[in-house]
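Analysis of the macromolecular model
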Amino acid sequence: MLSSLLISSEIKFKENESMSLHTTMKIGGKARYFITPENTKELVFSVNACKDEGIPFVIAGNLSNSVFSDGGYDGAVISTLMCKGVKPMGDDIICECGAGLSAVAYYAYKNSLSGLEFSYGIPGTVGGALVMNAGAYGSDISTVAKSVEAYDHESGKTVNFSVEDCEFSYRHSVFSSGRYVVLSAVFALEKDCKEKIKSAMDDFTSRRKEKQPLDMPSAGSVFKRPEGRYVGQMIEELGLKGFSVGGACVSTKHAGFIVNNGGATCADLKKLIEIVKEAVYDKYSVRLECEIKFID
Ligand SMILES: Cc1cc2nc3c(=O)[nH]c(=O)nc-3n(C[C@H](O)[C@H](O)[C@H](O)COP(=O)(O)OP(=O)(O)OC[C@H]3O[C@@H](n4cnc5c(N)ncnc54)[C@H](O)[C@@H]3O)c2cc1C
């Protein structure tokens, strides 16, 4: 049994854990197991234990881009949040998968290292950012990633990826397939003046505060950016700001975000997304693609 394997290895877990407590959108039913490995060795062990026991599993970073269905997840959610080590390596830094992007960017700033300023304020982990090729303000994680160590749970081997092997594209990478568990990454940064780094981080922070509904639960931008168009602008032009289904509501601050006004279900969110997609297609002939990952 999975629980006995975890107990005998002293790996912490909970059963029937509500995922609404862990997603930034505060949506999701109960997961059968919620496992919190304390290091990458325990992370790999947990993955292998699930495979051996035939239990479906999903890797969770900060769940800032993920939503679970209302019926929950009949499997194991394996959280990386305790694997959060960050160390210098010359002008590079090496980070474990669960390190928060903002914490890593702040660490880089403290060490006068530039390159991660854009990521300050993205509420994800290093692992989630590599899967999503997270980006902002004209930059993304592919611009700083030097190498990534990941566990291939199909072959049972740990693989080292160069940046080329990562196959980064817009909000996508080789890690998006679910075959690999990102364990750690090396970011190549450049020495620069601390004040300059801090001022860029401050600028991005104030732009986020001004434009984004940071005081409401959300999963960030709901849709990927289509070529040559701004999603928020199209949705706003359609008069959909503030439009809601149950507790899910198109943000009045940024129409590209959907916020949880309280008690939103995954069904509310999905229905609202479909309404927005249809309205955008009818007016602009643009098919929006969802950036949020739905897990069921
Ligand atoms: C207020 C707000 C603002 C945001 N702003 C931005 C922004 O500016 N730019 C941007 O790109 N995104 C933004 N996001 C979205 C989100 O923060 C990013 O996509 C982030 O990279 C997701 O990281 P995470 O750790 O939360 O990933 P999760 O949501 O936990 O996971 C995302 C996917 O990655 C997988 N995964 C996570 N960790 C691993 C791992 N170690 N190994 C293998 N698979 C893994 C998960 O299974 C899932 O498929 C924002 C979100 C919010 C709520």
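The structure presented is a predicted model; accordingly, all values stated were derived computationally and were not measured.

1. Quick word on the overall build of the protein
A tally of helices and strands in the protein yields 7 helices and 19 strands. In terms of overall size, the protein behaves like a compact globule, its C-alpha atoms giving a radius of gyration of 19 Å where 296 residues would be expected to give roughly 19 Å. For the C-alpha atoms alone, the extent of the protein along its principal axes is close to 55 × 50 × 30 Å. The proportion of buried residues among the 296 residues of the protein is 44%. Once local pairs closer than 6 in sequence are excluded, the contacts in the protein between residues at least 24 apart make up 65%.

2. Notes on the domain arrangement of the protein
Segmentation of the protein into domains returns domain 1 (2-79), domain 2 (86-196) and domain 3 (214-295). Between the C-alpha centres of domain 2 and domain 3 there is a distance of 27 Å.

3. Describing the site of the ligand
In the neighbourhood of the ligand, 33 residues make up the surrounding shell, with G61, G124, G127, G128 and G220 lying closest. Of all the elements, helix 4 (residues 126-132) adds the most residues to the shell around the ligand, at 5 residues. By residue class, the composition of the shell around the ligand is 17 nonpolar, 15 polar and 1 charged.

4. A closer look at the sheet that holds strand 17 (residues 248-250)
What the 4 strands build is an open sheet, ordered 15-18-17-16; its pairing is antiparallel. Of all strands in the sheet, those with a lone pairing partner are strand 15 (218-221) and strand 16 (244-245), marking the two edges. Summarising the sheet, strand 16 and strand 17 pair through 2 bridges and their orientation is antiparallel. Bridge assignment links S244 to a residue of strand 17, and that residue is C249.

5. Considerations on unusual backbone geometry
Not every positive phi belongs to a glycine, and N16 is a case in point at roughly 50°. Note that N16 resides in strand 1 (residues 13-18).

6. A few points about the pairing of strand 12 (residues 157-162)
Remember that side chains alternate between the two faces of the sheet whenever the strand is regular. Relative to strand 12, strand 11 (residues 145-152) is paired through 6 bridges, and the arrangement is antiparallel. By the bridge assignment, S147 is partnered in strand 12 with S162. What sits between the antiparallel neighbours strand 11 and strand 12 is a turn of 4 residues, in which G156 has the positive phi angle 75°.

7. Remarks on the environment of Q212
Relative to the helices and strands, Q212 resides in the loop between helix 5 (194-211) and strand 15. Judged by C-beta crowding, with 18 C-beta atoms within 10 Å, Q212 ranks as partly exposed. It is 41 Å that separates the C-alpha atoms of Q212 and G156, two residues lying 56 residues apart in sequence.

8. Side note on the sheet that holds strand 6 (residues 86-89)
If you walk across this open sheet you meet the 5 strands as 6-7-13-11-12, and the pairing is antiparallel. Since the sheet does not close on itself, it has two edges, and those belong to strand 6 and strand 12, each with one partner. On average, each strand axis in the sheet is inclined to that of its neighbour by 20°, with strand direction left out of account. On the sheet, helix 2 (residues 40-53) packs against strand 7 (92-96), strand 11 and strand 13 (180-188) and is oriented at approximately 150° with respect to strand 13.

Calculation notes
- Residues numbered from 1 in each chain as written.
- Predicted model: local features only at pLDDT ≥ 70, side-chain atom pairs only at ≥ 80, totals over all residues.
- Helix = DSSP H or I, 4+ residues; strand = E, 2+ residues; numbered from the N terminus.
- Rg over C-alpha atoms; globule rule 2.2 N^0.38 Å.
- Buried ≥ 20, exposed ≤ 12 C-beta atoms within 10 Å, placed from the backbone.
- Contact = placed C-beta atoms within 7 Å.
- Domains from an automatic or database assignment.
- Near = placed C-beta within 6 Å.
- Nonpolar A, V, L, I, M, F, W, Y, C, P; charged D, E, K, R; others polar.
- Pairing = 2+ DSSP bridges.
- Axes fitted to C-alpha atoms, helices over the stretch in contact; angles between N-to-C directions.

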